Amino acid sequence: MSTEKRKKIESVLVVIKRTKYELDLESYGSLDEFKRVAEIQNDSFSRIYNSHLRQIQSREELKRTFPNGKFIFREELENIDIAVYDLVIALGGDNHFTYVAHHALDNLVLGCNSDPETSVGALLSFHTSDISKAVSQNWENIIIEEWPRINVRIEYPNGKAIETFQGISEISIRNNSPDLTSRFLISHEQVSEEQKCSGLLVYTGAGSTGWVMSCENKDVSFDKQEPYFKVYCRELRKKESFQYKLDHFTVHNSFRLISEMRGGISIDSLAERIYDFPPGAKADFSVSPERLRVVVQKHG
């Protein structure tokens, strides 16, 4: 838990994710076509539209709570100076939260579930009513958690090197073709192994309740503030009489991958954050000394 003295929250930016209804209506071009396709898809129109109405209500509730706040869709993040805001609120789901957090690494960030009826929101500590209550209590019952971030540096065979966006939840490394094996040389501390599998998951405590939980089919979660990340090899191809040492391990400093495939590195499951990882490319993953400062509710 952060022990920093919190300054008064005065300027608030609320970043909104468009609803599925809004996105699909734009994609299909007309309401009739949208309804026709939705009927084929398990007659899903009513469910989608009702979720849309609840999310619109969430926007209106936050506007009443922050009458002087600035409200934008996430596409507008590139065009504003986010540094001037004391608090950035991501109104949406988990995926939207990580997208917004990538732009607000130096801000206080708060995750608000826009539709709790259909979304669990493992990274989202608030509903709109919780925020209203927190404001009425002058933010007395909140704490600031510090979540670790993952640095990723990729060096390509031609000598070019890049730093990717930092990982906040989970990073996936895999073959570009999902039907082909992911191949790489993995090295951690004094151990190196050549592995063939369906892909690698690199995850913090924030990501430990997601994809990897389904892979392991058991609770592998750990606290979001733990200053390390873990690595899990999905569907590792077993060799007879061979015991892998790097199939699921904890990283306190760094580890390296050397690609033997035409692959990609996906940061936080965001389509905008996928980086090429071709044969011969080297990627170093390390615990960042910086932390994401996340506003959460105090319990107990």
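These lines cover the structure that appears in this document, whether it is placed above or below. Note that the coordinates shown come from a computational prediction; the quantities given were computed from them, not determined experimentally.

Procedures and definitions
- Residues numbered from 1 in each chain as written.
- Predicted model: local features only at pLDDT ≥ 70, side-chain atom pairs only at ≥ 80, totals over all residues.
- Heavy atoms only, no water.
- Buried < 20%, exposed > 50% of the residue type's maximum accessible area, 1.4 Å probe, protein only.
- Helix = DSSP H or I, 4+ residues; strand = E, 2+ residues; numbered from the N terminus.
- Pairing = 2+ DSSP bridges.
- Axes fitted to C-alpha atoms, helices over the stretch in contact; angles between N-to-C directions.
- Contact = heavy atoms within 4.5 Å.

Description of the pairing of strand β13 (residues 254-259)
Residues in a regular strand point their side chains to alternate faces of the sheet. Burial of β13 is one-sided: the residues Phe255, Leu257 and Ser259 facing one way are buried, the residues Ser254, Arg256 and Ile258 facing the other way are not. Examined bridge by bridge, strand β8 (residues 182-188) and β13 share four bridges and lie antiparallel to one another. Bridging from a neighbouring strand, Leu185 pairs with Ile258 of β13. As defined by bridge partners, β13 adjoins strand β16 (residues 282-297) across five bridges and the pair is classed as antiparallel. Within the sheet, the bridge partner assigned to Arg256 lies in β16 and is Asp284.

Thoughts on the environment of Phe229
Structurally, Phe229 is set in strand β11 (residues 229-234). For the pair Phe229 and Thr128, spaced 101 residues apart in sequence, the C-alpha to C-alpha distance is 31 Å.

Brief notes about the sheet that holds strand β15 (residues 274-277)
The strand order across the open sheet formed by six strands is β12-β11-β10-β7-β14-β15, and the pairing between neighbours is antiparallel. One side of each edge strand has no neighbouring strand; the edge strands of this open sheet are β12 (248-251) and β15. Here the average twist between neighbouring strands, direction ignored, is 20°.

Regarding the environment of Met261
Structurally, Met261 is set in the loop between β13 and β14 (263-267). The spatial distance from the C-alpha of Met261 to the C-alpha of Arg183 is 5.7 Å, given a sequence separation of 78 residues. Contacts of Met261, omitting those with residues within four sequence positions, involve Ile173, Arg174, Asn175, Ser182, Arg183, Phe184, Phe277, Pro278 and Pro279.

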